[in-house]
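In case you want the letters, here they are:
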Amino acid sequence: MQWTLVVPVKPLARAKSRLSDTADDGVRPGLALAFALDTVAAALACREVADVAVVTDDARAGRELAALGAGVVADEPGGGLNAALAHGAAVVRAARPESAVAALNADLPALRPAELARVLAAATQFRRAFLPDAAGIGTTLLAAAPGCELAPAFGPDSRAHHRASGAVELRLGAVDSVRQDVDTGDDLRTALTLGVGPRTAAVTARLLIAGQ
């Protein structure tokens, strides 16, 4: 089974405010874009991925992600993350009703295609499944088999919310790159230790990151 990934990208000017201790207002939009570009590039290189649909209203992000080969879906609901993901999944399935769809965070700059393949292969065993983030509180990937609603519940405590919704928690080792999202300076340092993609590496090379 191959998957269509739905990746939400918020307007870059509002992205990654929690990185203010590491990157100033002039740098954060470019850093958020670099995260998304490295995430999508790795996803498109994954053997389990048929295609990627990015949900965004940011013109620059849409243009650069489309250049990588992603499809771009306008964030028509404008109702936040879960509404964007549900809309993206609906657009995908309107064109291909039997698609297996997975929501993937856009801030996984260390993402490895082989590790993502392991997660998606494990998800094929269930109607809905999710992978918790490295902090053990959130979610980085939520997968829905063909014919099954995605029903995203991202946000605070999304691990608990997805589990309560009936999604199966994937318990896999050696998939750190799929779990390591970046919200804080500490997250970014951890991602750099794992090894980030070239665009994130180029932006972070201009930052002074203690402990890098």
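Residues numbered from 1 in each chain as written. Predicted model: local features only at pLDDT ≥ 70, side-chain atom pairs only at ≥ 80, totals over all residues. Heavy atoms only, no water.

Trainee: So what's going on with the side chain of His-162? Residues and values would help.
Mentor: Summarising the element assignment, His-162 is placed in helix H5 (residues 158–164). Residue contacts for His-162: discarding those within four places in its chain leaves Arg-128, Phe-130, Thr-139, Leu-142, Ala-151, Pro-152, Ala-153, Phe-154 and Ala-167. (Helix = DSSP H or I, 4+ residues; strand = E, 2+ residues; numbered from the N terminus. Contact = heavy atoms within 4.5 Å.)

Trainee: Can you lay out the nonpolar core for me, pointing to particular residues and giving the numbers?
Mentor: The biggest cluster of nonpolar side chains holds 39 residues, and the ones touching the most others in it are Leu-5 and Leu-116. Listing elements by their share of this core, those giving two or more residues are strand S1 (3–8), helix H1 (28–44), strand S2 (49–55), helix H2 (59–68), strand S4 (100–104), helix H4 (113–123), strand S5 (128–132) and strand S6 (139–144). Of the residues forming this core, the biggest block, seven residues, is contributed by H1. Not counting chain neighbours up to four residues away, the residues in contact with Leu-5 comprise Ala-43, Val-49, Asp-51, Val-52, Ala-53, Ala-102, Leu-104, Leu-116 and Leu-120. Core analysis: the next-biggest nonpolar cluster, separate from the first, contains 17 residues, Ala-84, Ala-89, Val-92 and Leu-150 among them. (Core = buried A, V, L, I, M, F, W, Y, C linked by side-chain atoms within 4.5 Å. Buried < 20%, exposed > 50% of the residue type's maximum accessible area, 1.4 Å probe, protein only.)

Trainee: Report on the pattern of salt bridges, specifying residues and quantitative values.
Mentor: Overall, the coordinates contain twelve salt bridges when judged by the stated rule. Asp-107 is paired through a salt bridge with Lys-16; the nearest N and O atoms lie 2.6 Å apart. Here Asp-107, found in the loop between S4 and H4, pairs with Lys-16, found in the loop between S1 and H1; they are 91 residues apart in sequence, far enough to count as distant. With respect to class, Asp-107 is no different from Lys-16; both count as buried. For Glu-48, the salt bridge goes to Arg-47, with nearest N and O atoms at 3.8 Å. Judged by relative accessible area, Glu-48 falls into the buried class, the value being 15%. A relative accessible area of 60% places Arg-47 in the exposed class. Linked through salt bridges whose partners overlap, the residues forming this network are Lys-16, Arg-18, Asp-107 and Asp-183. (Salt bridge = Lys/Arg side-chain N within 4 Å of Asp/Glu carboxyl O.)

Trainee: Can you break down the environment of Ala-135 residue by residue, with the values?
Mentor: Positionally, Ala-135 belongs in the loop between S5 and S6. Since its relative accessible area comes to 60%, Ala-135 is described here as exposed. Separated by 94 residues in the primary sequence, Ala-135 and Ala-41 have C-alpha atoms spaced 24 Å apart.

Trainee: Lay out H2 in plain terms, naming residues and giving numbers.
Mentor: Within H2, burial applies to Ala-61, Gly-62 and Leu-65. Angular distribution of buried residues about the axis of H2 spans 95°; they occupy a single face of the element. Facing away from the buried side of H2 by more than 90 degrees, the exposed set consists of Ala-59, Arg-63 and Ala-67. Where H2 is buried, its residues contact H1, S2 and strand S3 (71–73). (Arc of directions from axis to C-beta.)

Trainee: Lay out unusual backbone geometry with the relevant residues and their values.
Mentor: Not every positive phi belongs to a glycine, and Lys-16 is a case in point at roughly 60°. Located in the positive-phi region is Asp-157, a residue other than glycine, with phi close to 60°. Here Asp-157 lies in the loop between S6 and H5.

Trainee: Residues and numbers for the sheet that holds S3, please.
Mentor: What the seven strands build is an open sheet, ordered S3-S2-S1-S4-S6-S5-S7; its pairing is mixed. Because the sheet does not close on itself, it has two edges, and the strands there are S3 and strand S7 (168–169). For S1 and S2, the ladder comprises six bridges, and the chain directions are parallel. Paired with Leu-5 across the two strands is Val-52, which belongs to S2. (Pairing = 2+ DSSP bridges.)

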